[in-house]
Amino acid sequence: LLVTPVVAENIQSYEADLQVKKSGVLEVKEIILYNFGDEFRHGIYRDIPYLYKKGWGRYALKIENIQIKDASGNSQPFTTVKTGKDFRIKIGDPDVLLRGERTYSLSYTVSGAAEALVEYDQINWNAIPAGWTVPINRAEVKIRLEKELASRLVNIKCFVGAVGSTEICEGAAVSDDYYLFIAENFNPREGMTAKMEFQSGTFPAPSSLDNFLNVVR
């Protein structure tokens, strides 16, 4: 009797490419090689934390210009919904079931991620989110700075593991405006977070109206 091994659901590789603009806007591209294994699914969820506590209220990131494509560059159906503190991108056709390997290419922009602190301006970005319920075999995080930002960068770090982890990712500066971090063998609910510190005043301060809209959104 020949027993066929069960293939468990997992993410085989996850590439996140983050371009930081001098306006403070983030241009994000992701390539996810997802293996549904022997399970049948309609697609995947990409949950992006977007709602944070700030001062007396809640502060919301603005996620726009979303595009989803397959390995051949064909656009894929998706919908979005806000659920709790996450902005959820639901990728897939509700009338189509998938199994095996699928490649998803995502691109989107994020406004409001740059934060002015007392001593420096800061951007924290969950490049590989810790919300995935399946293991990730390998992940790469690329951070590219617009040229004017390279000289204003004070510090850059990457943390790997569960939420709140202080374990440092392996990585290096490829050039003064391009950084690469790599990690392998993630358990479910583990990810990678990039933390960047810039000289104070690097990013334009939001207007009073923007602050009000972001807090109450």
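Our subject is the structure listed above.
Owing to the predicted nature of the structure, the values given are computational and were not obtained by experimental measurement.

Thoughts on the pattern of salt bridges
Argument step 1. By the definition in use, this model includes twelve salt bridges.
Argument step 2. A salt bridge links Asp38 to Arg99, with the shortest nitrogen-to-oxygen separation between them at 3.7 Å. Linking Asp38 in the loop between β2 (26–35) and β3 (43–49) with Arg99 in the loop between β8 (86–92) and β9 (101–111), this pair joins segments that are 61 residues apart in sequence.
Argument step 3. A cluster of three or more residues bridged by salt bridges with shared partners is formed by Arg138, Glu140, Lys142 and Glu184.

Some words on the environment of Ser13
Argument step 1. Mapped onto the elements, Ser13 comes out in strand β1 (residues 10–20).
Argument step 2. Under the relative-accessibility criterion, Ser13 is labelled partly exposed at 23%.
Argument step 3. Along the chain, Ser13 and Ala139 lie 126 residues apart, while their C-alpha atoms are 5.7 Å from each other.
Argument step 4. When near neighbours in sequence (up to four residues on either side) are disregarded, Ser13 contacts Ile31, Ile32, Leu33 and Arg138.

Considering the pairing of strand β16 (residues 191–199)
Argument step 1. Note: strand β11 (residues 120–128) against β16, seven bridges, orientation antiparallel. Looking at the pairing, Ile123 lines up with Met196 of β16.
Argument step 2. Two elements, strand β13 (residues 153–161) and β16, share eight bridges in a ladder whose sense is antiparallel. In the strand pairing of β16, Val160 is matched with Met192.

Let's talk about unusual backbone geometry
Argument step 1. One non-glycine residue, Asn65, adopts positive backbone phi at about 55°.
Argument step 2. By the secondary structure assignment, Asn65 is in strand β6 (residues 62–69).
Argument step 3. Residues other than glycine seldom take positive phi values, yet Arg189 does so here, at roughly 70°.
Argument step 4. Examined against the element boundaries, Arg189 turns out to sit in the loop between β15 (178–186) and β16.
Argument step 5. For Arg189, a relative accessible area of 48% puts it in the partly exposed group.

A closer look at the packing of aromatic side chains
Argument step 1. Here the structure, examined in full by the defined rule, presents five aromatic pairs.
Argument step 2. Seen from their ring centres, Tyr50 and Phe87 are 6.5 Å apart, and the 70° between their planes marks the pair as edge-to-face. Here the residue Tyr50 occupies a position in the loop between β3 and β4 (51–54), and Phe87 occupies one in strand β8, the gap between them amounting to 37 residues.
Argument step 3. Among the residues examined, Phe87 registers a relative accessible area of 8% and is labelled buried.
Argument step 4. Centroid distance Phe198 to Phe203: 5.1 Å. Interplanar angle 80°. Geometry classified as edge-to-face. The pair Phe198 / Phe203 is uniform in exposure class, with both members buried.
Argument step 5. Members of the aromatic cluster, each reached through a chain of ring pairs, are Tyr14, Tyr34, Phe36 and Trp132.

Considering the state of the cysteines
Argument step 1. This structure, assessed with the given rule, holds one disulfide.
Argument step 2. For Cys158, the disulfide goes to Cys169, at an S-S distance of 2.2 Å. One quick way to see it: the torsion about the S-S bond of Cys158 and Cys169 is about -60°, and its sign makes the bridge left-handed. One end of the pair, Cys158, is in strand β13; the other, Cys169, is in the loop between β13 and β14 (170–175), and eleven residues separate them in sequence.
Argument step 3. Overall, Cys158 belongs to the buried group, its relative accessible area being 2%.

Focus: the sheet that holds strand β7 (residues 78–83)
Argument step 1. Strand order in this open sheet of three strands is β3-β8-β7, and the pairing throughout is antiparallel. What marks the edges here is a single partner per strand, and that holds for β3 and β7. For this sheet, the mean inter-axis angle between neighbouring strands, taken without regard to orientation, is 20°.
Argument step 2. As defined by bridge partners, β3 adjoins β8 across seven bridges and the pair is classed as antiparallel. By the bridge assignment for β8, Tyr45 is matched with Lys90.

Calculation rules
- As a convention, each chain's residues are numbered from 1 in the sequence order in which they are written.
- Reporting in this predicted model follows two pLDDT cut-offs: at least 70 for local features of residues, and 80 or more for side-chain atom pairs to be given and counted; totals over whole chains, interfaces and linings ignore these cut-offs and use all residues.
- To obtain the side-chain values, all non-hydrogen atoms of the structure were used and water was disregarded.
- Whenever a carboxyl oxygen of Asp or Glu lies within 4 Å of a side-chain nitrogen of Lys or Arg, that contact is scored as a salt bridge.
- For helices the rule is a DSSP run of H or I covering at least 4 residues; for strands it is a run of E covering at least 2, with both sets numbered from the N terminus onward.
- Relative accessible area decides the class of each residue, using a 1.4 Å probe on protein chains only: under 20% of the type maximum gives buried, over 50% gives exposed, and in between gives partly exposed.
- Contacts are assigned to residue pairs with any non-hydrogen atoms lying within 4.5 Å of each other.
- For two strands to be treated as a pair, DSSP must find no fewer than two bridges joining them.
- Note on aromatic pairs: the rings of Phe, Tyr and Trp (six-membered ring only in Trp) are paired at centre separations within 6.5 Å, and the planes decide the class, stacked below 30 degrees, edge-to-face beyond 60, tilted for the rest.
- Note that a disulfide, as used here, is simply two cysteine sulfur atoms within 2.5 Å.
- Note on geometry: axes are C-alpha line fits, over the in-contact stretch for helices, and angles between N-to-C directions span 0 to 180 degrees.

Read these as geometric descriptors, not functional statements.
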